[in-house]
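Take a look at the letters that make up each chain.
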Amino acid sequence: MAVQPQTEFEAALRRQGSSWTRTTSDAFAAAVTEAIETPAVATDLSDWGLDFGDAPVTVDPTPRELLGATTGVTGASLGVSSYGSLLLPSDAKGTEPVSLYPERHVAVVSESDVVEDVPAAFDRLGDEFAEGPKSAVFATGPSATGDMGALVYGVHGPKAVHVIVLTDR
Amino acid sequence: MSDARLKAAEIRHLLETERDAIRENTTHMNRERYDAAARFERYEEARDAARAVKEDAIERLPELIERVRESVEANGGTVYLADDAADANRYIEEVVRDRDAETLVKSKSMTTEELDLNEHLEAAGVDVYETDLGEFVVQVADEAPSHLVGPSLHKSTAAIAELFNAHFDLDEPLETATELTNFARDYLLERIVEADMGVTGANFVLADSGTIVLVTNEGNARKSAVTPDAHVAVAGVEKLIPSVEELEPFTELIARAATGQDYPQYLTMLSPPVDSPTLDFDADVPLSEAAGESDREFHLVLVDNGRTAMREDDQLRETLYCIRCGACANSCANFQHVGGHAFGGETYTGGIATGWEAGIEGLDTAAEFNDLCTGCTRCVNACPVKIDIPWINTVVRDRINRGEDAELDWLVEGLTPDAEPGGMSLQKRFFGNFETVAKLGSATAPLSNWIANAGPARGLMERTLGIDRRRDLPTFERETLRKWFDARGGSRVPLADADREAVLYADPYTNYVQVDRGRAAVRVLEALGVHVRVPEIPESGRAPLSQGMVATADERASAVYGALAEHVDAGRDVVVVEPSDLAMFRREYEKLLPERSYERLSENSYEVLEYVYGLLENGADAGALADGDGRTIAYHSHCQQRTLGLDAHTEAVLDARGYDVLSSTVECCGMAGSFGYKAEYYELSMDVGGDLKSEFAAHPDREIVASGTSCLEQLDALFDEGTRHPVELLDPKRT
Ligand code: SF4
């Protein structure tokens, strides 16, 4: 990867072997097109004001389409600079399965939602839990196992993670 | 075969079959863990915070159980509090039957192992698939997990390949870790997609919100929990903490302690039933239109199974703080060599298994492996929630001792002036009363040495006391340290000229066996302007404590304090040669003495080179000590000395005196007091010592130096040349 990290968050992504793109909401569809490997599926991000445009992705797939996809594109509600972690909500549009089943996960995060460290992330979570019980996953890098005698990436979860950082949000 | 022989044979078998994989894996995890701890600034702060949360949560457990019942029910799920394994299994089977579930996918859960849930459900005709790859391997192999975190840690890639190739009908044989992983993933994906129900454990349960927290690296718990529309989470009641507010320190600690990662790959927080769409792979409906919460069923099964009684047990309660990271197992030299199949009970493995198994299964199960804990304390600093794991092992050993039937006591009667009940193991009483043995041995030396080493005596000792005949016995000196000291007319530094005054603690080894190091210590202290006294002080209690003889150790602690209190009050420093005795004063006496007595003694006691270091720092003339002159040495620090953080002082002093010091990276010599003498453990002890031997054998020119009595004995057995204590290298009179 030739791109140099500009932020702590990106440096952490690099340490865990993930890649990233910095872009704006306008150029979102182009960034997605570049980041995915087809076939790709995505959760609907129109509530974020984001349009997949002519990016070759199936938005709101069926479970079968999900199983057949190589890439899953979802939003992340939070990024954590220190470890490059992403908070993925277990919502009704399917962020959990779309971020989990395909081999490649492309996560979209607003730069303003990137917090410094775990304590800061938990402050935010504390506020959210104060409103009611929540379900979400902190995902840090690709899925991995050492159970077969050596470290292997890509087990039940993705083998590779790419993050699209929206700098205007 | 005798019990000792059976035990020795079991250990020998594991050394041959499982050691290599376990040692490689634990060594790797330890290295990663040290690095991960070092780069985390808030490490100690987080440990304290996590500890405080657990103490509070266990204290308030009944209240948290009620709270989680309310919150889960408010969310739309069900809570079942199971008294024991049978109760939990019966309930889960009912849930399965109500849903007509035929197949079930599971993510890793030690608590379900404890319940034997898989066996129970399989007997009821349900197909159960473990989706954690390590659990999957042991399920296919029909073996028990050998480690809390890595169930298949005892298997190499080649062994797993052999297993899979024999078990599955494959077109091409599997070989590499990647091939094996990919095969298991694809195989299990089909099972997950078909499954009628998912079962997970829980690393934490948040009472306020009814949230299950799962820590995984593979993503299998995520899939198992949300793909099927029914989810059963099984957790011991001790997993409850109040709310998300208290969770943060654990998330920073658990993966660090377990595998040396900064943060878990996946930290899942589920407050079921979740909104996430259920996945019906046959329905042609987009995710957003699939049923989510409305269609989901969730059961939280909280398991007691002995935990309430553990909570009420002042000594076992701490066990409930355990977050099952496995660091205590990884840090343990014996575990690194035999793994959890020897060092473990029905379910749990490693040092803390003693607490779990004693509380859940009972003393008999704990007794099968409890002796593998040598009390070295290497796990103490490793534990993210600061559990005193060696203490739990000691207390359980004490209880086991008290449960044994009385026989043969008369044989050691005269040698064992202890406070223990009749009936405990003869071997343990013998080692626990080493001071009396040493006193007698020294008084009758050299005759006692000749007799003890004669063939017939060794045979008798092996049969009655279980002392392995291959092990050299200590050679008692006729002239004890105290006799020598008195004969030379006491301290050569008159009190009036002295900068400081110190009591040299003549432990039984220094006094009766390794007298040279005692003499050297006296001369070194005097060379630095210290007026030295060598009064008669009782044995510290280390020997009986290591055999689980807590009452005897408690009496010794009082006697030692009684004998030293006046010296401490008079402003004299207490200098200790043997690190395991200093560790008594600094660690275990906290449990055996009143707080103020403990503080007074521990604050005024020093390991001998720690003391020398302090004297030099405060301006004493280093030139008065022997000059190393660039001589090369290989130094092995003692386990308890490392735990107390005192290895660096010895290295610094030797370095300052011009020695070229190479320190061992291997932490344990394998001897551990009486452990290496015992017939059932002799071979394991030598096997562990083999690591240190290979490290030092690569530097044949270096003189071997060690701080601990046991380490010196073990190194003497491993190498031909004699081994010295570092203080002997500083002795101005050294020849
Ligand atoms: S006792 Fe401590 S180190 Fe051992 S498994 Fe439990 S939490 Fe980890």
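Predicted model only: the values in this text are computed from it and were never measured.

## Remarks on the overall build of chain B
Then step 1. In terms of helices and strands, chain B carries 35 helices and 17 strands.
Then step 2. Taking 2.2 N^0.38 as the reference for a compact globule, 735 residues should give roughly 27 Å; the C-alpha atoms of chain B span a radius of gyration of 28 Å, in line with that estimate.
Then step 3. By principal-axis analysis of the C-alpha atoms, chain B measures approximately 95 × 55 × 50 Å.
Then step 4. In chain B, which comprises 735 residues, the share counted as buried stands at 63%.
Then step 5. Long-range contacts, defined as pairs at least 24 residues apart, comprise 76% of the intrachain contacts of chain B with a sequence gap of at least 6.
Then step 6. Summed over its atoms, the accessible surface of chain B is roughly 26900 Å², and 46% of this surface lies on carbon and sulfur atoms.

## Considerations on the overall build of chain A
Then step 1. Counting secondary structure elements, chain A contains 5 helices and 12 strands.
Then step 2. Taken against the 2.2 N^0.38 rule, which gives 15 Å for 169 residues, the C-alpha radius of gyration of chain A at 15 Å falls within 12% of a compact globule.
Then step 3. Overall, the C-alpha framework of chain A stretches about 45 × 40 × 35 Å when taken along its three principal axes.
Then step 4. In chain A, which comprises 169 residues, the proportion classed as buried is 60%.
Then step 5. By sequence separation, contacts in chain A at least 24 residues apart represent 69% of the contacts at least 6 residues apart.
Then step 6. With the model as given, the accessible surface of chain A reaches about 6200 Å², and the carbon-plus-sulfur share is 47%.
Then step 7. Positive and negative side-chain charges of chain A, numbering 10 and 24 respectively, have mean locations separated by a distance of 4 Å.

## Things to note about the sheet that holds strand S4 (residues 197-200) of chain B
Residues and elements named next belong to chain B.
Then step 1. One open sheet accounts for 6 strands, arranged S1-S10-S7-S4-S2-S3; its pairing is parallel. Strands with a single pairing partner mark the edges of an open sheet, and in this sheet they are strand S1 (78-82) and strand S3 (127-130). Across the sheet, the mean angle separating the axes of adjacent strands is 20 degrees when strand polarity is ignored.
Then step 2. In this sheet, strand S10 (residues 297-303) lies alongside S1 in parallel orientation, the contact comprising 5 bridges. When the bridges of S10 are listed, Thr78 appears paired with His299.

## A look at unusual backbone geometry
Negative phi characterises most residues that are not glycine, and trans characterises most peptide bonds.
Then step 1. The omega angle of the peptide bond from A:Thr38 to A:Pro39 is -5 degrees, so this bond is cis rather than trans.
Then step 2. Of note, A:Pro39 is situated in the loop between helix H2 (28-35) and strand S2 (40-42).
Then step 3. The omega torsion of the bond from B:Pro272 to B:Pro273 falls at -5 degrees, within 30 degrees of zero and hence cis.
Then step 4. Phi is positive for B:Asp116, close to 55 degrees, though the residue is something other than glycine.
Then step 5. Summarising the element assignment, B:Asp116 is placed in the loop between helix H6 (110-115) and helix H7 (117-123).
Then step 6. Looking at B:Asp116, the relative accessible area reads 44%, which means it is partly exposed.

## Some words on the sheet that holds strand S17 (residues 703-706) of chain B
All names here are of chain B.
Then step 1. Here 3 strands make up an open sheet; going across it, the order is S16-S15-S17 and the pairing parallel. Only two strands of the sheet have a single partner each, and these edge strands are strand S16 (660-663) and S17. Shown here is a sheet whose adjacent strand axes are inclined to one another by a mean of 30 degrees, direction ignored.
Then step 2. Here strand S15 (residues 632-636) runs beside S17; their pairing, made up of 4 bridges, is parallel.

## Considerations on the side chain of B:Thr709
Residue and element names in this part refer to chain B.
Then step 1. Relative to the helices and strands, Thr709 resides in helix H34 (residues 709-718).
Then step 2. In terms of polar contacts, Thr709 uses its side chain to reach the side chain of Arg517, at 2.8 Å.
Then step 3. Residues in contact with Thr709, not counting those within four places in the same chain, are Tyr509, Gln514, Arg517 and Glu578.

## Details of the environment of B:Val608
All names here are of chain B.
Then step 1. In this structure, Val608 sits in helix H30 (residues 608-617).
Then step 2. Taking the relative accessible area as the measure of exposure, Val608 reaches 0% and is therefore buried.
Then step 3. Here the alpha-carbon distance between Val608 and Tyr677, two residues 69 residues apart in the chain, equals 27 Å.
Then step 4. Look past the residues within four positions of Val608 in its chain and what remains in contact with it is Ala521, Val575, Val576, Val577, His725 and Val727.

## What to know about the domain arrangement of chain B
Then step 1. When cut into domains, chain B gives domain 1 (47-305), domain 2 (314-403) and domain 3 (481-730).
Then step 2. Computed from C-alpha atoms alone, the centre-to-centre distance between domain 1 of chain B and domain 3 of chain B is 48 Å.

## A look at empty space enclosed by the protein
Residue and element names in this part refer to chain B.
Then step 1. One pass over the structure, following the stated rule, counts 5 cavities of 30 Å³ or more.
Then step 2. One number sums up the size of the largest cavity: a volume of about 170 Å³.
Then step 3. The residue inventory of the lining of the largest cavity, partitioned by class, reads 11 nonpolar, 7 polar and 1 charged.
Then step 4. Each of two domains, domain 2 (314-403) and domain 3 (481-730), supplies a minimum of three residues to the lining of the largest cavity.
Then step 5. Quantified by volume, the second largest cavity comes out at close to 80 Å³.
Then step 6. Considering the residues around the second largest cavity, the lining is formed by 14 residues, among which Cys322, Cys325, Cys328, Cys383 and Pro384 are closest to the centre.
Then step 7. Per-class residue counts for the lining of the second largest cavity are 12 nonpolar, 1 polar and 1 charged.

Procedures and definitions
Residues numbered from 1 in each chain as written. Chains lettered and ligands numbered in written order. Predicted model: local features only at pLDDT ≥ 70, side-chain atom pairs only at ≥ 80, totals over all residues. Heavy atoms only, no water. Helix = DSSP H or I, 4+ residues; strand = E, 2+ residues; numbered from the N terminus. Rg over C-alpha atoms; globule rule 2.2 N^0.38 Å. Buried < 20%, exposed > 50% of the residue type's maximum accessible area, 1.4 Å probe, protein only. Contact = heavy atoms within 4.5 Å. Areas by Shrake-Rupley, 256 points an atom, 1.4 Å probe, with all protein chains shown as cover. Lys, Arg positive; Asp, Glu negative; His and termini not counted. Charge placed at Lys NZ, Arg CZ, Asp CG, Glu CD. Pairing = 2+ DSSP bridges. Axes fitted to C-alpha atoms, helices over the stretch in contact; angles between N-to-C directions. Polar contact = N/O pair within 3.5 Å; in protein donor to acceptor, adjacent residues only side chain to side chain. Domains from an automatic or database assignment. 1 Å grid on protein atoms, 1.4 Å probe; cavity = no way out; pocket = protein on both sides within 12 Å on 5 of 7 lines; lining within 4 Å. Points joined across faces, edges and corners; volume = space filled by probe spheres on them. Nonpolar A, V, L, I, M, F, W, Y, C, P; charged D, E, K, R; others polar.

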